[in-house]
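# Overview (structure and organization)
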Amino acid sequence: MKKVKVSVGDSEYEVGIEELGNDELKIIVDNEEHVVKVSEEARNTELSGQNKIIKAPMPGIISQVLVNDGDQVEKGSTLITLLAMKMENTITAPMAGKVKEVKVKCNDVVEAEQTLIILE
Amino acid sequence: MEEFYAKKRKAESYDRKAIDRRRKDGKLTARERIERLLDKDSFVELDQFVQLRQPELQEKKKYGDGVITGYGTIDKRLVFLYAQDFTVIGGSLGEMHAQKIIKVMRLARKQGAPFIAINDGAGARIQEGISSLDGYARIFRENTLASGVIPQLCLTLGPCAGGAAYSPALMDFVFMVDRKSHMFITGPGVIKATTGEDVDFEALGGASVHSTKSGVAHFMLDDEGECLQAVRKLLTYLPSNNLSDSPRTNIKQKIQLSENLANIVPKDAKKTYDIKRVIDEACDRGSFFEVHEHFAKNVVTGFARLDNVPVGVVANQPSVMAGCMDIDGSDKIARFVRFCDAFNIPIINFVDVPGYLPGTNQEHDGIIRHGAKVLFAYAEAVVPKIALIIRKAYGGAYVAMASKDLGYDQVIAWPSAEIAVMGSEQAARIIHRKEMEAAKDKSAFLKKKVKELNKLVSPYVAAELGKVDLVIDPKETRQVLVRTLGMLLRKREGRPAKKHGSVPL
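Cut-off values and rules
Residues numbered from 1 in each chain as written. Chains lettered and ligands numbered in written order. Predicted model: local features only at pLDDT ≥ 70, side-chain atom pairs only at ≥ 80, totals over all residues. Heavy atoms only, no water. Salt bridge = Lys/Arg side-chain N within 4 Å of Asp/Glu carboxyl O. Helix = DSSP H or I, 4+ residues; strand = E, 2+ residues; numbered from the N terminus. Disulfide = S-S within 2.5 Å. Buried < 20%, exposed > 50% of the residue type's maximum accessible area, 1.4 Å probe, protein only. pLDDT = per-residue confidence, 0-100. Pairing = 2+ DSSP bridges. Axes fitted to C-alpha atoms, helices over the stretch in contact; angles between N-to-C directions. Contact = heavy atoms within 4.5 Å. Expected span 1.5 Å × (residues − 1). Buried area = accessible area lost by both parts, 1.4 Å probe. Polar contact = N/O pair within 3.5 Å; in protein donor to acceptor, adjacent residues only side chain to side chain. Nonpolar A, V, L, I, M, F, W, Y, C, P; charged D, E, K, R; others polar. Core = buried A, V, L, I, M, F, W, Y, C linked by side-chain atoms within 4.5 Å. Parallel < 35°, antiparallel > 145°, perpendicular 65-115°, else oblique. Left-handed = near helix turned anticlockwise from the far one by under 90°.

For the rest of this paragraph, the subject is the pattern of salt bridges. All names here are of chain B. Counted by the stated rule, this structure contains 35 salt bridges over all chains. Between Lys 276 and Glu 290 there is a salt bridge, with the nearest N and O atoms lying 2.9 Å from each other. One end of the pair, Lys 276, is in helix α12 (residues 275-282); the other, Glu 290, is in strand β10 (residues 289-291), with 14 residues separating them in the sequence. Of the charged contacts in the structure, one is a salt bridge between Glu 452 and Lys 449, with a shortest N-O distance of 3.5 Å.

This part is about the state of the cysteines. Residue and element names in this part refer to chain B. All told, the structure shown has 0 disulfides over all chains when counted by the stated rule. Here Cys 154 is not cross-linked by a disulfide; its sulfur's nearest cysteine counterpart is in Cys 160, at 6.2 Å. According to the relative accessible area criterion, Cys 154 is buried, its value standing at 0%. Of the cysteine sulfurs around Cys 227, a residue in no disulfide, the closest is that of Cys 154, at 9.5 Å.

Bringing the confidence of the model for chain B into the picture now. Mean pLDDT over chain B works out to 94, with 100% of the residues at or above the 70 mark. Among the prediction metrics, the complex's ipTM stands at 0.70, with pTM recorded as 0.88.

Residue and element names in this part refer to chain A. Strand order in the open sheet made by the 4 strands is β5-β12-β10-β7, with antiparallel pairing throughout. The open sheet terminates on both sides in strands that have one partner only, identified here as β5 (52-55) and β7 (72-73). Bridging between β7 and strand β10 (residues 97-102) involves 2 bridges; their strand directions are antiparallel. Counterpart to Gln 72 in the pairing with β10 is Lys 98.

The strands that make up a sheet pair up through hydrogen bonds in the backbone, lying either parallel or antiparallel. Residue and element names in this part refer to chain B. With respect to topology, 7 strands assemble into an open sheet ordered β1-β2-β3-β4-β5-β7-β9, the strand pairing being mixed. On the outer flanks of this sheet lie β1 (44-46) and β9 (219-221), each paired with one strand and no other. The mean inter-strand angle of the sheet, taken between neighbouring strand axes irrespective of direction, is 20 degrees. Packed on one face of the sheet, helix α10 (residues 224-235) meets β2 (67-74), β3 (77-84), β4 (115-119), β5 (152-156), β7 (173-177) and β9 and runs near 160 degrees to β7.

Turning to helix α15 (residues 367-380) of chain B, a few remarks are in order. With 14 residues, α15(B) should reach 20 Å at 1.5 Å per residue; the first-to-last C-alpha distance of 20 Å fits that figure. Summarising the contacts, the buried residues of α15(B) are in contact with β12 (309-316), α13 (327-342), β13 (347-353), α14 (360-364), β14 (385-394) and α16 (395-402) of chain B.

Taken together, the contact pairs 19 residues of chain B with 13 residues of chain A. Between chain B and chain A the total buried area reaches about 1300 Å² when both faces are included, carbon and sulfur atoms providing 65% of it. Put simply, chain B and chain A have 1 salt bridge between them. The shortest N-O distance in the salt bridge between Glu88(A) and Lys271(B) comes to 2.6 Å. At the junction of chain B with chain A, the criterion picks out 4 residue pairs in polar contact (both at pLDDT 80 or more). No other element matches β14(B), which puts 3 residues into the side of chain B that touches chain A. Among the residues making up the side of chain B that touches chain A, the classes are represented as 11 nonpolar, 3 polar and 5 charged.

Negative phi is the rule for most residues except glycine; trans is the rule for most peptide bonds. Phi is positive for Glu113(A), close to 75 degrees, though the residue is something other than glycine. Looking at the secondary structure, you find Glu113(A) in the loop between β11 (109-110) and β12 (115-119). One non-glycine residue, Arg179(B), lies in positive phi territory at about 65 degrees. Along the chain, the position of Arg179(B) falls in the loop between β7 and β8 (182-184).

Let us look at the nonpolar core. Residues and elements named next belong to chain B. Of all hydrophobic cores here, the largest spans 68 residues; its most connected members are Ile 116, Phe 173, Phe 175, Leu 238, Phe 303 and Tyr 378. When neighbours within four sequence positions are excluded, Phe 173 is seen to be in contact with Gln 152, Leu 153, Cys 154, His 218, Phe 219, Leu 234, Leu 238, Val 291, Phe 303 and Phe 339. Counting residues in each nonpolar core, the second largest holds 30 residues, with Ile 275, Phe 350, Ile 386 and Val 482 among its members.

Residues and elements named next belong to chain B. One can describe the packing of α15 onto α16 by two numbers: an axis separation of 9 Å at closest approach and a directional angle of 30 degrees. Regarding the angle of α15 to α16, the classification is roughly parallel. The crossing of α15 and α16 is left-handed. For the pair α15 and α16, contact is made by Val 374, Leu 375 and Tyr 378 and by Val 399, Ala 400 and Met 401, respectively. Residue classes in the contact of α15 with α16 are distributed as 6 nonpolar, no polar and no charged.

Set out below in structure tokens:
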């Protein structure tokens, strides 16, 4: 169970958050439990709100991995090239940050929406 | 005369407190919006003294009944419009409010002048019950009758919920302002009550959602001022009605060669680039005005001019999802092409498309049904249709975007064009599957076969069959497009008499 402080207007609440899997979260506010579904946008950002998951836009083969774990990247710099639809598609960083984890290697076959890289 | 001026002052007055609230929200009043949109002092207000009839609402009634209607000019061309006034019963739509709107819509259709709706209202006026609902029914019917006769533009500058959201959807172009406009059929309250899902106005139906995901909005602007300017700009490309010519600009154009074009498009066909740079280079300087900029970015649609003549541009975007066709991209193209055809705007395709996006999602969500709209729209269109094949034109996507036999008047290809059923490697693996299994050196065998098949892909094969009319040096693109369009402008083509086709919706 993760505890976070949330302020709404003037009042502050201590909120407990637990991941239930299946994109569901258990949230505890004022000793009341709520189960909520994580929206598609929120799913791409991890709980801390600091990480950004880079996913494959379409199925294909990884042709180049240009970064390693721990690398600093600029916004817009190329992270990976994905061979798909007869093209070498460049996957770029949507923000500046540090590469937390590279989840794929060269020649991997990936599905659409598969996680490629986690940035932080 | 005293009575007249007193009434007029009353009709044009605003509740002070309501205005202050609007200013705080960064919103203009309905009257200010009209004044900023139209040419100076051109507005003529109609039905200023109309009032609601519902007995229960007599205390709240106000001259105009929450909507300002009338006509005026934009760049000296007649337009009809209405603007809902949020300060009068929340801009809600009742019987007389609807009647005023319908009156100007009919005038617009009969005069053959563009119609502009400025929505900012709470939706149906609950107290007026069925009269309010039927008000929407009458508006939807008028929208439908006017469709294809006059351009209909809709600005959603506040809430636009329930039935109100369908009128914009029936019109040709929807404009929204970021973080100020919201559209939805069922609001956050109803969603919470029925499904338990928590969602706010912005995440449910904000401008950003509708311009990126749902495709409801064609334009998203940062503030109201920019939004009104965008409407004026769009009208510079559109004819007033389906029988009149598009407005031409009168700027001395340089029809120059462009050495730049060959550099924009990489020699290596696997490398991506931004197709909008090619469009900018080929069309009149600064004339490209993108429609649906943030929706289905793998295809690009918009208006531009070629030697001052407005054209509709459709293009594949290699830098997004390899420029492949998919469901949203198909919907985006089909809608745009049908609008252009209805209003006699010639269409130019910039083709670089590897094919349709493979995957169960696409198949199950109906790419066959949606992709069919593109074929229907192009085959049905009688306006001049030009296809420029830059690099890839594969499979069904070639048929949709560049096939002479689908009805393109002129197909023009760069020497880098590749036209085939599928990529050579994929084709070799299918055609020579058995031989390859038997081959000693599989990779050498494959290489040899790919080389042979590559010859079939060249634009000269298509040119030998007359399926490509012209093969050109990329630097001549602008010259050739201007000449081709000039040659086609007087095109006349009939269609068999029928009530209407059955578009695969």
